[in-house]
Amino acid sequence: MTAAFPPAHSPEAHRHGVLFVIAAGILWSTVGLGIRLIEDAVVWQILLYRSISMSLFLYLVIRIRSGESPFSQVRRIGFPGVIAGLSLVAAYSGGIYAIQNTSVANAMLLFATAPFMAAVLGWLILREPVRKATWTAIAVAIGGIAIMVADKSGSVALKGSLAALGSALGFAVFTVSLRWGRTGEMLPSVFLSGLFAIVITIGICQYLGLSLVIGGWDGSIAMGMGVFQVGAGLILYTLGSRSLPAAELALLSLAEVLLGPLWVWLFLGETASITTLVGGVVLLAAIAGNALSGKRRKPPAITTP
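Residues numbered from 1 in each chain as written. Predicted model: local features only at pLDDT ≥ 70, side-chain atom pairs only at ≥ 80, totals over all residues. Heavy atoms only, no water.

Topic: the overall build of the chain
Check the secondary structure of the chain and you find 13 helices and 0 strands. Along its sequence from the N terminus, the chain presents helices and strands in the succession α-α-α-α-α-α-α-α-α-α-α-α-α. For 305 residues, the compact-globule estimate of 2.2 N^0.38 gives 19 Å, and the chain sits close to it at 19 Å. With the C-alpha coordinates aligned to their principal axes, the bounding extent of the chain is approximately 50 × 45 × 35 Å. Considering only intrachain contacts with a sequence separation of at least 6, the fraction spanning at least 24 residues in the chain is 89%. As displayed, the chain has an accessible area near 14,300 Å², and 69% of this comes from carbon and sulfur atoms. Within the chain, the 11 negative side-chain charges are centred at a point lying 14 Å from the centre of the 19 positive side-chain charges. (Helix = DSSP H or I, 4+ residues; strand = E, 2+ residues; numbered from the N terminus. Rg over C-alpha atoms; globule rule 2.2 N^0.38 Å. Contact = heavy atoms within 4.5 Å. Areas by Shrake-Rupley, 256 points an atom, 1.4 Å probe, with all protein chains shown as cover. Lys, Arg positive; Asp, Glu negative; His and termini not counted. Charge placed at Lys NZ, Arg CZ, Asp CG, Glu CD.)

Observations concerning the nonpolar core
Formed by 71 residues in total, the largest nonpolar core has its most connected members in Ile46 and Val190. When residues in this core are grouped by element, the largest group, 9 residues, is from helix H3 (residues 43–66). Contacts of isoleucine 46, omitting those with residues within four sequence positions, involve Ile35, Ile38, Ala41, Ile96, Gln100, Ala222 and Met225. (Core = buried A, V, L, I, M, F, W, Y, C linked by side-chain atoms within 4.5 Å. Buried < 20%, exposed > 50% of the residue type's maximum accessible area, 1.4 Å probe, protein only.)

With respect to helix H4 (residues 70–101)
Counted at 1.5 Å a residue, the expected span for H4 with its 32 residues is 46 Å, but the 35 Å between its end C-alpha atoms falls short. Between the side-chain oxygen of the N-cap and the backbone nitrogen of phenylalanine 71 there are 3.1 Å, and the N-cap of H4 in question is serine 69. (Expected span 1.5 Å × (residues − 1). Polar contact = N/O pair within 3.5 Å; in protein donor to acceptor, adjacent residues only side chain to side chain.)

Observations regarding unusual backbone geometry
Within the chain, arginine 127 stands out as a residue other than glycine whose phi angle is a positive 60°. Within the secondary structure layout, arginine 127 lies in the loop between helix H6 (114–125) and helix H7 (132–149). Note on arginine 127: relative accessible area 66%, which makes it exposed.

A word on the packing of H7 against helix H13 (residues 274–293)
Relative to each other, H7 and H13 sit at 170°, their axes nearing to 7 Å. Viewed along their axes, H7 and H13 adopt a mutual orientation that is roughly antiparallel. Counted together, Ala133, Thr134, Ala137, Val140, Ala141, Gly144, Ile147 and Met148 of H7 and Thr275, Thr276, Val278, Gly279, Gly280, Val282, Leu283, Ala286, Asn290 and Ser293 of H13 form the full contact between these two elements. (Axes fitted to C-alpha atoms, helices over the stretch in contact; angles between N-to-C directions. Parallel < 35°, antiparallel > 145°, perpendicular 65-115°, else oblique.)

What follows is the structure, encoded as structure tokens:
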């Protein structure tokens, strides 16, 4: 029996889209709490186990959803899909390292710079036009970032902040790669990124002498994140983004940034520094201002996951 979905631009579809995107943001926002609950595993071991469960989950979803092998879809998207997959591996690695080495609030806020980086890369590589309002927002965001890292010079937290920015750059490259390949389908590239991550992390673990076997607690959390935090969140976002304009997506995505620090504060008592909070407010204002200024514009075909 086939389920009936409302038309893409109907009020009901819009309500469903809002709920799906908010639900995706809630799932994605748990990444900080999940990483904090890991006891012994390091970034490469976490990414290995998370990628295994994510790849299996997405294989089943793509197979059921499309009726064909995910590998067939991967072959169709070609080289841009390879670049997109590898960029996600870098984004995942930087994200996990960042959360392990700086506050969750600091990391989550810096992750949110990805759309601005994608705009600049799209302008440089694809010659996509960038609105004046977006350039202004990028300048304001840079000011917010400077405030956030101002008190972290020479510390481990600075490495975490740089890793968070590297992760945002990875997501930006992913977005631009999909635009370059002219595909609006994210799932095959994300599935491919999981396969790349498995191979790469196994190699790194072997090189560093890290065990491929981790504790049951750490393994369960990492694999749970692969299915629920990454996989299910991506499915919900994909469904919701079809009926929402890009500006609204950008505003709703702030739920992930705001909820991430909330979870670690509620469950673990983790707080953020004053400079992180002040810089974060500036950064969020830049994101919200850019989204609101583009609210009447037609949304682009590809959005940042």
